[in-house]
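Listed below are the residues making up each chain.
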Amino acid sequence: MLTSIKTNEFAGDKSRKLAMMYFRVAIILFGAQLLMGLIAAIQFLVPGFLFELFDFSVARMVHLNALIVWMLYAMIGSVYYMLPDETERETSFIGLGILGFWVLTAAVTVVVLVYIFVQVGAGTEASIWLIHEGREYIEAPRWADIGIVVVVLVFYANVFFTYLKGRQTGIMTVMVANLLALAGLYLTGMFFTDNISMDQFWWWWVIHLWVEATWEVFVGTLAAYALIKIIGAKREIVEMWLWIEVLMLFGSGVLGMGHHYFWIGTPEYWWEIGALFSALEPVPLVAMFVHVLYDWGKEQGIAKAEGKDATVINNGSAMAWIVMNAFGNFLGAGIWGFFHTLPQVNIYTHGTQFTAAHGHLAFFGAYATILIGMMYMGIQGAYGIKRMKATFNGKMAMFLIAFGVMGMGIALTIAGYEQVLVERAELGAGWNAFFAAQELPWFIQGMMWRAIMGVVTFVGFIYLVWDLITIGGKAQKAQAAEA
Ligand code: HEM
Ligand code: HEM
Ligand SMILES: [Fe+2]
């Protein structure tokens, strides 16, 4: 991965070089995210850990913002990677795109340094402009917000004009339309009101309509592109699936937002709307899972019928991460989401560790997986490798990361279950109930296992970085030796 930018394969292809630059920053921020998570997890066990130096609120904030930003980086990288391929032309205004990358990365660096060293400020306008906005997941201070909008406009211009002038595939049509919605939604999280209900009302437009609508559609387009490239799936079939998925995702995900409006002072009709539409959300996720397995089975079957025994997969690691995505999306978002999405259930589970279990499994299953898969595709392209097999380190990374995150999810689910029973059902959800529930063994052990599984995840991450750095060079040598 490190040398991938310099390799000859991408010599004339600035768009793909830029993609690799985005991927690298993404992986660094992913590491930062995990470290912050570990600090926060330790603080659950030893509350005095780093007290007043690096408080839980700050560790948690950086954990969440690094999560969002690394994913956005990897998403932008993926787009720059597939753009010249799909449109069959060079990316328009790529020079501006590269400038945008440096501006964004410089801004992200400054923002993170402020989060870490300044941390908090007075409750004034100045803090919102210079430190952070205090809005979970998207805390960038106002100046950076505006900078992000400018850089994203340049990025969008790159994509839009390349699309207009180039080949217009179904995948790219969905991508271009969806990106407009995705970027536009960011604006709804930028203005500030003194009324916390109103503030939350709009904030969910970004968070929910990102992860349960536009980001899911984005993943649909990535999976479609990846299946064509990795197993040679037929474009007509993949695109037909994609259109159906888009319809179902938007059909359920947009009004599904009502499941966040149970508690914030919005009118009561949101209970029914939220319950109904969010309960439908797992349906497209099942469809996406079936789709990946169906195409894979079909292509392998055709190869077999033609007397070829070899696998149709030309990038083992990427394919494994994408299959993990298809399943993890359904499990973390679909199943764990469905658990608490009806108001009758949510009245007990709201804001317990159960929510955190779902948050981890969903973000990991639906997004981390496929974005890592795209990094492997990037490396395959950068080193010009025809068939890239998964290595030992790569398999260790997959196993440890998946096992670690699943373990964290289970530990948090058990802790959440205990909170539901004791804090909510038995003690009536008051202030004392909250603390009483946190002192019981099921909760404490849940927090311990979360920390242990967090370490397992982190070890897996080290394997992942090691593999991303080395796999390209190794595969290139092997390919040269064969030839
Ligand atoms: C990939 C898609 C998804 C991601 C990344 C995701 C992530 C999250 C996260 C991080 C939260 C916590 C938000 C907070 O800070 O308060 C949350 C809350 C929630 N999610 Fe999801 N989610 C996804 C899909 C779904 C689906 C499909 C459903 C329902 C079928 C669902 C149901 C819920 C509910 C009901 C809550 C509120 C929990 C509470 O009341 O505390 N989610 N989600
Ligand atoms: C080293 C591994 C990790 C550790 C130790 C860890 C730890 C934590 C901790 C302590 C919190 C705060 C929970 C709270 O406020 O009660 C948190 C929140 C969160 N983490 Fe992680 N985390 C890790 C990895 C990840 C990964 C891989 C993802 C997703 C890809 C992720 C996504 C989230 C999300 C979405 C939340 C907010 C959940 C909510 O508010 O409901 N974390 N994490
Ligand atoms: Fe939601």
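Scroll up to find the structure this text is about.
These numbers were taken from a predicted model, which means no experiment stands behind them.

(A) Structural view of the site of ligand 1. The full set close to ligand 1 counts 25 residues, and N346, H350, G351, T355 and H358 are the nearest of them. In the model, an oxygen atom of ligand 1 is placed 2.7 Å from a nitrogen or oxygen of the T355 side chain. Residue assignment for the shell around ligand 1 shows that the elements contributing at least two residues are α7 (196–231), α11 (316–339) and α13 (353–382). In terms of residue count, α13 provides more of the shell around ligand 1 than any other element does, seven residues in total. For the shell around ligand 1, the residue count by class is nine nonpolar, 12 polar and four charged.

(B) Inspection of the coordination of the iron atom of ligand 2 at higher detail. H63 (NE2) and H360 (NE2) make up the full set of protein donors to the iron atom of ligand 2, lying at 2.0 Å. One way to put it: the six donor atoms around the iron atom of ligand 2 meet at angles of 86 to 180 degrees, and that makes the site octahedral. Of this pair, H63 sits in helix α2 (residues 56–87) while H360 is found in helix α13, placing the two residues 297 residues apart along the sequence. Overall, the relative accessible area of 14% leaves H63 in the buried class.

(C) Representation of the coordination of the iron atom of ligand 1 in the model. For the iron atom of ligand 1, the protein contributes exactly one donor atom, H358 (NE2), at 2.0 Å. Separating the iron atom of ligand 1 from the iron ion (ligand 3) is a distance of 4.3 Å.

(D) Local environment of the pattern of salt bridges. A full pass over the atoms with the stated rule returns 13 salt bridges. With a closest N to O distance of 2.8 Å, R235 and E86 form a salt bridge. One end of the pair, R235, is in helix α8 (residues 235–253); the other, E86, is in helix α2, with 149 residues separating them in the sequence. No difference in accessibility class separates R235 from E86, as the two residues are buried. Residue R424 is joined to E423 by a salt bridge in which the shortest nitrogen-to-oxygen separation is 3.2 Å. Like R424, the residue E423 is buried in the burial classification. One salt-bridge network, in which partners are shared between bridges, spans E133, R135, R142 and D199.

(E) Fine view of the packing of α7 against helix α10 (residues 282–305). In contact at an axis separation of 11 Å, α7 and α10 are set at 5 degrees when each is read in the N-to-C sense. Here α10 runs roughly parallel to α7, going by the angle between their axes. Note on element contacts: α10 touches α7 through L285, M288, H291, V292, D295, W296 and E299, opposite E216, V219, G220, L227 and I231. Partitioning the contact of α7 with α10 into residue classes produces seven nonpolar, two polar and three charged.

(F) Up close: unusual backbone geometry. The backbone of F93 shows a phi angle near 50 degrees, a positive value even though the residue is not glycine. Taking relative accessible area as the criterion, F93 reaches 43% and is therefore assigned partly exposed. One non-glycine residue, A429, lies in positive phi territory at about 65 degrees. Within the secondary structure, A429 sits in the loop between α14 (392–426) and α15 (431–438).

(G) Representation of the packing of aromatic side chains in the model. Within the structure shown, the criterion is met by 34 aromatic pairs. Judged by centre distance (4.9 Å) and plane angle (80 degrees), the ring pair of Y22 and F101 falls under edge-to-face. With Y22 in helix α1 (residues 14–45) and F101 in helix α3 (residues 94–117), this residue pair connects regions lying 79 residues apart in the sequence. Note on Y22: relative accessible area 1%, which makes it buried.

Reading the values: the criteria
Residues numbered from 1 in each chain as written. Chains lettered and ligands numbered in written order. Predicted model: local features only at pLDDT ≥ 70, side-chain atom pairs only at ≥ 80, totals over all residues. Heavy atoms only, no water. Near = heavy atom within 4 Å. Polar contact = N/O pair within 3.5 Å; in protein donor to acceptor, adjacent residues only side chain to side chain. Helix = DSSP H or I, 4+ residues; strand = E, 2+ residues; numbered from the N terminus. Nonpolar A, V, L, I, M, F, W, Y, C, P; charged D, E, K, R; others polar. Donors = N, O, S within 2.8 Å, 3.2 Å for Na, K, Ca; no water. Tetrahedral: all angles 85-135°; square planar, octahedral: opposite > 155°, others 65-115°. Buried < 20%, exposed > 50% of the residue type's maximum accessible area, 1.4 Å probe, protein only. Salt bridge = Lys/Arg side-chain N within 4 Å of Asp/Glu carboxyl O. Axes fitted to C-alpha atoms, helices over the stretch in contact; angles between N-to-C directions. Parallel < 35°, antiparallel > 145°, perpendicular 65-115°, else oblique. Contact = heavy atoms within 4.5 Å. Phe/Tyr/Trp six-rings, centres within 6.5 Å; stacked < 30°, edge-to-face > 60°.

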